[in-house]
Amino acid sequence: MPASPGSRTGRPPAQRTVKRPAAARAGRAGTVRNLVIRARKAWDRPLTAYYLILGGSLLITVLGLVMVYSASQITALQMALPGSYFFRKQLLAAVIGAGLMVAASRMPVKLHRALAYPILAGAVFLMALVQVPGIGMSVNGNQNWISLGGSFQIQPSEIGKLALVLWGADLIARKQERRLLTQWKHMLVPLVPVAFMLLGLIMLGGDMGTAIILTAILFGLLWLAGAPTRLFVGVLSMAAVIGAILIKTSPNRLDRFACVGSSDASRCWQAVHGIYALASGGIFGSGLGASVEKWGQLPEAHTDFIFAVTGEELGLAGTLSVLALFAALGYAGIRVAGRTEDPFVRYAAGGVTTWITAQAVINIGAVLGLLPIAGVPLPLFSYGGSALLPTMFAIGLLIAFARDEPAARAALAMRQPRFGRKRAGGLASGRRTGRKPDRRTGRKPEGASGRESGGEPRRWNTMRRRASAARSSGER
């Protein structure tokens, strides 16, 4: 009887069958490990923050334009306006904001610091002008708007957010350079009084949501400046007491807090219908334009509650995509603030990141029924040019700071177009041999060099072209 394969090897056949799955599992584990390592390397590249800020902000803005068009059609028709009315205004604001973002991303840091005081003075002047009778406008019970004529309005408190970030970052950076932040009075004065002045001007108009965002920016700057725990807790307690008094004295604000987690549609109409919109979306939504809640059931469908319409039309996949984009934007801002050596860049990047992240959390938390409705738009996403323009300028700040890192500057310099270098190398070689290179390829004709005609292969790689250009410049 012939011997079995197992008897020839000295091992039972059963052990062979066990080894194959173990090897396959080891191979799969090695593949996953390699993928994780490659992902970490890609995540740690110098330009990761730059691409995350640029790509994430553009994707949020474009998706926001699509959702504004979808969510605002019914509201526009109910107001006897064209269906694309709000979309066209938002598109115009996005185009202007893109110009501001490009301009901010190209400005040097010194110019950003020089603009801090003019922007703060302009914001204070406009916020005070809101309270002048005949100039300021009331929208949804808040006196925080100025009419520019026709259907165009401006909300100066949105400029106040940008002003506080730039001015506060410049102030703290100058005090750090003079080693004054070790004294509590220099930590607080004049940052906290100026911030409270802005908060007072906002609260005169009744806009509690914007006041919360400014408070978050103030705390973010103090935390980045290394404020002691006692000082931080003291300012936080003072703000909490003032906020509690303002809430207690306003029945409207009390009702908003009562609607957190409520299912009573008769009392909390907007909050409950926002949950209805999210719940009816499912995994992939009902499709763009197919929302039911925007047909008069959900107030502010294209502004404060646009995230609910997104969940209804794009489903869980769409809402998670929006959350992932904001998370990537927040991570990139923190990375820029953590890797820089410039104190102004650290404080400004941290302030902008706190602003956008806190506003997104407050808006989405209100739509989900986890937080009271504060009336703040979703950054870069909701309808509103007054909110979009300062936010896109702030994104330009982050892009400028991400580009200004030494490693990022070196990486961007290496990614310049290669056509010019190749052609320059070809022209230099043509001057050495006295023959003109071919116009299409930039190469010399055959026989132009004795060494090449002898049979040595020509290697047209980047290092060769650089070396050739360096030698030709040295010889000439």
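In what follows, the accompanying structure is described.

About the criteria used
Residues numbered from 1 in each chain as written. Predicted model: local features only at pLDDT ≥ 70, side-chain atom pairs only at ≥ 80, totals over all residues. Heavy atoms only, no water. Helix = DSSP H or I, 4+ residues; strand = E, 2+ residues; numbered from the N terminus. Buried < 20%, exposed > 50% of the residue type's maximum accessible area, 1.4 Å probe, protein only. Contact = heavy atoms within 4.5 Å. Areas by Shrake-Rupley, 256 points an atom, 1.4 Å probe, with all protein chains shown as cover. Core = buried A, V, L, I, M, F, W, Y, C linked by side-chain atoms within 4.5 Å. Patch = residues over 30% accessible without salt bridge, like charges linked within 9 Å, V, L, I, M, F, W, Y side chains within 5 Å. Salt bridge = Lys/Arg side-chain N within 4 Å of Asp/Glu carboxyl O. Phe/Tyr/Trp six-rings, centres within 6.5 Å; stacked < 30°, edge-to-face > 60°. Lys NZ or Arg CZ within 6 Å of the ring centre and 35° of its normal. Pairing = 2+ DSSP bridges. Axes fitted to C-alpha atoms, helices over the stretch in contact; angles between N-to-C directions.

## Points about the overall build of the protein chain
Right, on to step 1. Tallying secondary structure elements over the protein chain gives 19 helices and 3 strands in all.
Right, on to step 2. Counting all 476 residues of the protein chain, 43% fall into the buried class.
Right, on to step 3. Long-range contacts, defined here as pairs at least 24 residues apart, represent 69% of the contacts in the protein chain between residues at least 6 apart.
Right, on to step 4. Put simply, the protein chain shows about 24900 Å² of open surface, and 63% of that area lies on carbon and sulfur atoms.

## Focus on unusual backbone geometry
Right, on to step 1. Here the residue pair Val189 and Pro190 is connected by a cis peptide bond, since its omega of 0° sits within 30 degrees of zero.
Right, on to step 2. As for its placement among the helices and strands, Pro190 is situated in the loop between α7 (184-188) and α8 (191-204).
Right, on to step 3. A positive phi angle, close to 60°, is found at Ala80, a residue other than glycine.
Right, on to step 4. Secondary-structure assignment places Ala80 in the loop between α3 (48-78) and α4 (85-106).

## Examining the nonpolar core
Right, on to step 1. If you look at the biggest cluster of nonpolar residues, it comprises 111 residues, and the most contacted ones within it are Ile53, Leu191, Ile395 and Phe401.
Right, on to step 2. At 13 residues, the largest contribution of residues to this core is made by helix α14 (residues 343-367).
Right, on to step 3. Once residues lying within four places of it in the same chain are set aside, the contact partners of Ile395 are Ile53, Ser57, Met101, Leu329, Ile356 and Leu380.

## Here we look at a nonpolar patch on the surface
Right, on to step 1. Taken together, the side chains of Leu92, Ile96, Leu100, Leu148 and Phe152 make up a nonpolar region of the molecular surface, amounting to roughly 460 Å² of accessible area.
Right, on to step 2. Of all the elements, α4 adds the most residues to the nonpolar patch, at 3 residues.
Right, on to step 3. With respect to the helices and strands, Leu92 occurs in helix α4.
Right, on to step 4. With relative accessibility at 43%, the residue Leu92 sits in the partly exposed group.

## Concerning the packing of aromatic side chains
Right, on to step 1. Counted by the stated rule, this structure contains 5 aromatic pairs.
Right, on to step 2. Between the aromatic rings of Tyr85 and Phe86, the centroid separation amounts to 5.2 Å while the plane-to-plane angle is 80°, which identifies the pairing as edge-to-face.
Right, on to step 3. Its relative accessible area of 18% is what places Tyr85 among the buried residues.
Right, on to step 4. Taken together, a centroid distance of 6.3 Å and an interplanar angle of 85° make the contact between Phe344 and Phe401 edge-to-face. Remark: Phe401 occurs in helix α15 (residues 385-403) and Phe344 occurs in helix α14; sequence separation between them is 57 residues. Comparing Phe344 with Phe401, the two get one shared label, buried.
Right, on to step 5. An aromatic cluster of three or more residues is present, and its members are Tyr85, Phe86 and Tyr383.
Right, on to step 6. It is Lys89 that lies over the ring of Phe152; its NZ or CZ is 5.3 Å from the centre.

## Quick word on the sheet that holds strand β2 (residues 142-149)
Right, on to step 1. On the basis of which strands lie adjacent, the open sheet formed by 3 strands has the order β1-β2-β3 and antiparallel pairing. Two strands lie at the open edges of the sheet, namely β1 (136-139) and β3 (152-154), each paired on one side alone. Strand-to-strand twist of the sheet, defined as the mean angle between neighbouring strand axes without regard to direction, takes the value 50°.
Right, on to step 2. When β2 meets β3, the two strands line up antiparallel, connected through 3 bridges. Paired with Ser147 across the two strands is Gln153, which belongs to β3.

Note that all results are geometric; they support no functional claim without further evidence.
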